[in-house]
Amino acid sequence: MTATSQAFKIPQSVLVVIHTPALEVLLIKRADAADFWQSVTGSKDRLDESFSETARREVMEETGIDCRPGSRLADPLQEWDLENIYEIYPRWRHRYAPGVTHNTEHLFALQVPAGTPVRLNPREHTAYRWLPWRDAAAACYSPSNAEACLLLPRLAFTGRYP
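Now for a description of the structure that goes with this document.

Definitions and cut-offs
Residues numbered from 1 in each chain as written. Predicted model: local features only at pLDDT ≥ 70, side-chain atom pairs only at ≥ 80, totals over all residues. Heavy atoms only, no water. Phe/Tyr/Trp six-rings, centres within 6.5 Å; stacked < 30°, edge-to-face > 60°. Helix = DSSP H or I, 4+ residues; strand = E, 2+ residues; numbered from the N terminus. Buried < 20%, exposed > 50% of the residue type's maximum accessible area, 1.4 Å probe, protein only. Disulfide = S-S within 2.5 Å. Contact = heavy atoms within 4.5 Å.

**Describing the packing of aromatic side chains**
Centre distance and the angle of the planes are the two values used to describe a pair of aromatic rings. Inspection of every chain in the model, using the stated rule, returns 5 aromatic pairs. Between Phe 36 and Trp 92 the ring centres are 5.4 Å apart and the planes differ by 80°, which places this aromatic pair in the edge-to-face class. Residue Phe 36 is located in the loop between strand E2 (24–30) and strand E3 (37–38), and its partner Trp 92 is located in the loop between strand E5 (77–87) and strand E6 (102–111); the two are separated by 56 residues in the primary sequence. The pair formed by Phe 36 and Trp 92 is uniform in burial state, with each residue classed as buried. Taking the centre distance of 6.0 Å and the plane angle of 70° together, the rings of Tyr 89 and Trp 92 count as edge-to-face. Among the residues examined, Tyr 89 registers a relative accessible area of 28% and is labelled partly exposed.

What follows is the structure in structure tokens.
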């Protein structure tokens, strides 16, 4: 099944916390929800798309930051080997097949140099800001996104995430 023939969203997604070495986190504001600040998120386009491919695609689509293979930011994308299963907000449940109520989200982080340019897709996001990790966690609408921001310093300095 191709992305163009996919009638419903696949309930498997990624959350990518983009941050600087100083642990400033990029948050982007959704175009379809007031005051909904988040990290990069997105669902698989097809069942056989890997989570890493989904993360790289979504980062490029939503921020213009290129972390695809061969780019200078390809290596800093790190999978955290963590996942969240959460109930899909009712306002967006119509995007999924009837009866689908939960999504499985895989967590990633992408370290970028301070001052990395951001180019938003205006159909999806209307603003962005860089915040210290604690402030970013407090600003996130989604509890799983806030938790990921709070994990950042521990995972960034334990050797588990370079």
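**Some details on the state of the cysteines**
Tallying each qualifying case throughout the model produces 0 disulfides. This cysteine, Cys 67, is not joined by any disulfide, and Cys 149 carries the nearest cysteine sulfur, 17 Å off. The exposure class assigned to Cys 67 is buried, which follows from its relative accessible area of 0%. Not part of a disulfide, Cys 149 finds its nearest cysteine sulfur in Cys 140, a span of 4.0 Å.

**Observations regarding the environment of Leu 73**
Counting through the fold element by element, Leu 73 comes out in the loop between helix H1 (51–63) and E5. The sequence separation of Leu 73 and Leu 110 amounts to 37 residues, and the corresponding C-alpha distance is 8.1 Å. With sequence-adjacent residues up to four places away left out, Leu 73 is seen in contact with Ile 65, Asp 66, Cys 67, Leu 110, Gln 111, Val 112 and Pro 113.

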